[in-house]
Amino acid sequence: MSMIEFATRVQSLGLILPALLVLLKVTLILVVARLLLLAVPHTSAAAKHLGITLALCSVIAIPVIGIAVPAWRLAVFPARSATAAAEQAKVIGATGDEDEMPGTVATAITVAKAAHVVPAEKLDALSRAVDAVKSSWQGFLLIAVSSVSLLLLLRMIAGVVGVGAVARRSVEITDEESLRELDRACDYLRLPREVHLLRSETVSVPVVWGFFKPILLLPGGSVEWPAERLRVVLLHELAHVKRCDGVTLLITKAAVAMFWFHPLAWSLERIARAECERACDDLVLDSGTKPSDYAEHLLSIAKTLPRVDPFRNVTLAMSRRSQLEGRLLSILQPHVRRGNFTLKSVATVAVLSILMLVPFASIRLVAAPQPSSSTVTVVADKSEKPATFDLEKLVDTSNVLLAKYDHLVNRRAPQSGKEWYQHGYELHNHDHFREAIESFKQAIAHGYRVEDSMYNIACGYAQLDDPVNAVTWLRQAINAGYDNYSHIASDSDFDPIRSNEAFKQVMTEAPEHERHASEDRLDSATREYQELRSLPAADGEAWFSLGMKMLPLRQFDTSIEAFKQALAKGFKPATSMYNIACGYARKGDVASGLQWLQKSVEEGFDSVDHFDDDSDLDNLRSNPRFAEIRRLAEDLRLQPSDGLLGNIANAMFKNNEGWVDALPRFRAATQQHPNLGRPWFNLGFAALQAGNNTESINAFKRALDLNYRAPTTMYNIACGYARSNQADAAIQWLQKSRAAGFQLSNYIDHDNDLDNLRSDARFRDLRRQVRADKEAEKDDN
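K.L.:
Explain the overall build of the protein chain to me, using residue names and the numbers behind them.
P.N.:
Helix and strand counts for the protein chain come out as 34 helices and 9 strands. Here the protein chain, with 781 residues, has 44% of them falling under the buried criterion. Taking the intrachain contacts of the protein chain between residues at least 6 apart in sequence as the baseline, contacts between residues at least 24 apart amount to 68%. Entry remark: accessible area of the protein chain is about 39800 Å², with carbon and sulfur atoms responsible for 56%.

Following this line, the structure appears as structure tokens:
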């Protein structure tokens, strides 16, 4: 078959109009996604990445749903006569019917033949060529577009195969320090999947690849990395695994391959990769890593990068030059909005997107029927008569999708050992210890991660305060090959039985090198503690870092003291208070733990997920006051809307209407807790976003009277006055916030709330002073 014949057959299928409709829908989705990104420049990287990923997934799903789901033909065009419809049906897909009305070219050829100006055989050849073009040009266009898409998909597949080949030739890392850091990173991120750590001279930057069996490839030069660099690299790369970024990368790349001709697809894919890396950076910074140190590690890795990265299209790499500048700015900005989503939240957003996407993708716009009927019609098949649009079909379809979502959330019983292990891990994290134990026993029966499953069973029995079974299973785990004694020594799951003699006996049997390693870490942290005590000017960040080191080493008193020193120096007050609560909880001082936990909530700690998942708080959960503090944390969360849909929408997009709707809730919180500064601060912030400047100023002043986050509160009062066009008061409060220690340099150049002041000479003078201070600080550093 010739190419022209093939293209003619493709065109005869009548695909060009459906293809144009798909392109129109895809363009609408991409335009909306791009406009929303422009409208919310200050939202978190994780929210931006989630929004773009959903948009690009929708782009792929549009043609698939259009094929799989019966069409809903909505009659919106003016009605045509039966004759006109018949004529239209006649010419669609025509390839030169003799009854067809002759076109301009055909008329010209006929006239030329009658005049005998051009030889007849040449005119016949021209006529055949015109017919061939008419019957095949659309087919050629579709074939060309599809061919380029296929080539791009093949290139992506070749990249995946290439990475797999490199992984197979890589050397497995076996040194204890690297594996220990890998375990710590997996534990911190609560990562249930096993990750293989490899080293290869082929890659020049840390790379994570794979989903079901993820691998982490380190470059050959990583053998010379200091321990801190290895730690942040592992945290960053494993954050990709936890977020399932490998899957989203391939999906977004597939979307670009399918719609390679669409500039918005390329633009959103580039933004998605950048925001993906920043979201993982946020997780690293949440672990307590100092931003300046993390930025230095990124720069050090970037210096060794080659100009060409052969695996760029199919791998997630920690440091690439094209993204470096934006990431460093994000890392070093202390007030950038950070945060990530749980898997359940992502699944919920995805299902809601599908519920909206299915009707949109299946819509077909057709002409209205003859004016004898006033009903909207749906034509499911060309051979069928138009039928009245049935709303019940839409309801039934939604019910089916919701049932499938319910099946997703309430998953079937695990089948494989891996599924049992993951199920047990989830149950253990939610304090369902007996059910978790049974799941891990099923994993053992399937031969999956036997020693780890035994260890987790021991943890479950320890949490149930059953030392006999806990020690029995712990010994079985050690006999089966579990030899990470340092993890056993720091694992808070064993806190309820640490005074048990049998457990102590197990710990005395640790190999000498394990005991020495643990002793070395303790000695190092102790020396750091002595050094900080001898330096009265030591900053809060250094004390906070020491507290993070001492807590897993079970030096609870020292850890608590370190966090209190960080608190006294004003470093991360809410988080420091929360960690003090964790120290007291693990120490067994429930009263002090609850007291500091409530202080942290009142100060602004609102990571409610930690209340459910953090094992450091296990000793507090059975106390009735713990539930009260958790409810307080929910009440005082600074979020614009209640409910699932509101939270999802406002997590992704800055919606002022959401803040307006939420104002009654924030006002109610101030009435319930009139002597707490945080609800007044929240009300001030919400009112400012909603445009109620006077209410905002009054609420912030009340928060200031209660000594809540004075520098930040003063700055927000200035913003309220600025938006009210009260320049004198606004500049006065800006100067007060600066004197109180607020970092004006991070906001004064770009905060829209200050736009009304930018033409004021006093504001320009203040801005020059702030910039000069910042330059002087850089010179001092």
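And the narrative resumes.
K.L.:
Help me get a handle on the nonpolar core, residues and values and all.
P.N.:
As a rule of thumb, nonpolar side chains are buried together in soluble globular proteins. Judged by nonpolar contacts, the single largest core of 40 residues is most densely connected at Tyr 715, Leu 734 and Leu 754. Among the elements of the structure, α29 (656-672), α30 (677-690), α31 (693-705), α32 (710-723), α33 (727-739) and α34 (761-780) are those that each provide at least two residues to this core. Among residues more than four places away in sequence, those in contact with Leu 734 are Tyr 715, Ala 718, Leu 744, Leu 754, Leu 757, Phe 763 and Leu 766. In terms of nonpolar packing, the next biggest core, distinct from the first, is built from 39 residues, Ala 581, Trp 596, Leu 620 and Ile 629 among them.

K.L.:
Mind laying out the environment of Ala 55, listing which residues take part and the relevant values?
P.N.:
Along the polypeptide, Ala 55 turns up in helix α3 (residues 45-68). Exposure remark for Ala 55: the relative accessible area of 7% places this residue in the buried category. Residues within four places of Ala 55 in sequence aside, it is in contact with Ile 29 and Ala 33.

K.L.:
Describe the packing of helix α24 (residues 573-587) against helix α25 (residues 590-603), and please don't skip the residues or the numbers.
P.N.:
At a minimum axis distance of 8 Å, the contact between α24 and α25 shows a crossing angle of 165°. Here α24 lies roughly antiparallel to α25, going by the angle between them. In the packing of α24 onto α25, the handedness of the crossing is left-handed. Touching Pro 573, Ala 574, Met 577, Tyr 578, Ile 580, Ala 581, Tyr 584 and Ala 585 of α24 are Ser 592, Gly 593, Trp 596, Leu 597, Lys 599, Ser 600 and Glu 603, all from α25. Considered class by class, the residues forming the contact of α24 with α25 number 10 nonpolar, 3 polar and 2 charged.

K.L.:
Explain the pattern of salt bridges residue by residue, including any values.
P.N.:
Per the counting criterion, the structure on display carries 25 salt bridges. Of the charged contacts, one joins Arg 475 and Glu 509 as a salt bridge, the two residues approaching to 2.9 Å between their closest N and O atoms. Residue Arg 475 is located in helix α18 (residues 467-480), and its partner Glu 509 is located in the loop between α20 (501-508) and α21 (512-533); the two are separated by 34 residues in the primary sequence. The residue Arg 768 makes a salt bridge to Asp 765 at a minimum N-O spacing of 3.7 Å. On the criterion of helical spacing, the pair formed by Arg 768 and Asp 765 is a turn pair, its members being 3 residues apart in helix α34. Put simply, Asp 495, Arg 498, Arg 554, Arg 586 and Asp 616 are held in one network by salt bridges that share partners.

K.L.:
Can you break down the side chain of Ser 178 residue by residue, with the values?
P.N.:
Within the fold, Ser 178 resides in helix α7 (residues 176-189). The exposure class of Ser 178 is buried, given its relative accessible area of 6%. Non-local contacts of Ser 178, meaning those with residues more than four positions away in its chain, are made with Ile 173, Leu 197, Leu 230 and Leu 234.

K.L.:
I'd love a proper account of the pairing of strand β3 (residues 196-200), names of residues and values included.
P.N.:
Counting buried residues along β3, 4 of its 5 residues qualify, which places the element largely inside the surrounding structure. Across 2 bridges, strand β2 (residues 171-172) lies against β3 in antiparallel orientation. Among the inter-strand pairings, Glu 172 is bridged to a residue of β3, identified as Leu 198. Two elements, β3 and strand β5 (residues 215-219), share 5 bridges in a ladder whose sense is parallel. Directly across from Leu 198, in β5, lies its bridge partner Leu 217.

What counts, and where the lines are drawn
- Residues numbered from 1 in each chain as written.
- Predicted model: local features only at pLDDT ≥ 70, side-chain atom pairs only at ≥ 80, totals over all residues.
- Heavy atoms only, no water.
- Helix = DSSP H or I, 4+ residues; strand = E, 2+ residues; numbered from the N terminus.
- Buried < 20%, exposed > 50% of the residue type's maximum accessible area, 1.4 Å probe, protein only.
- Contact = heavy atoms within 4.5 Å.
- Areas by Shrake-Rupley, 256 points an atom, 1.4 Å probe, with all protein chains shown as cover.
- Core = buried A, V, L, I, M, F, W, Y, C linked by side-chain atoms within 4.5 Å.
- Axes fitted to C-alpha atoms, helices over the stretch in contact; angles between N-to-C directions.
- Parallel < 35°, antiparallel > 145°, perpendicular 65-115°, else oblique.
- Left-handed = near helix turned anticlockwise from the far one by under 90°.
- Nonpolar A, V, L, I, M, F, W, Y, C, P; charged D, E, K, R; others polar.
- Salt bridge = Lys/Arg side-chain N within 4 Å of Asp/Glu carboxyl O.
- Pairing = 2+ DSSP bridges.

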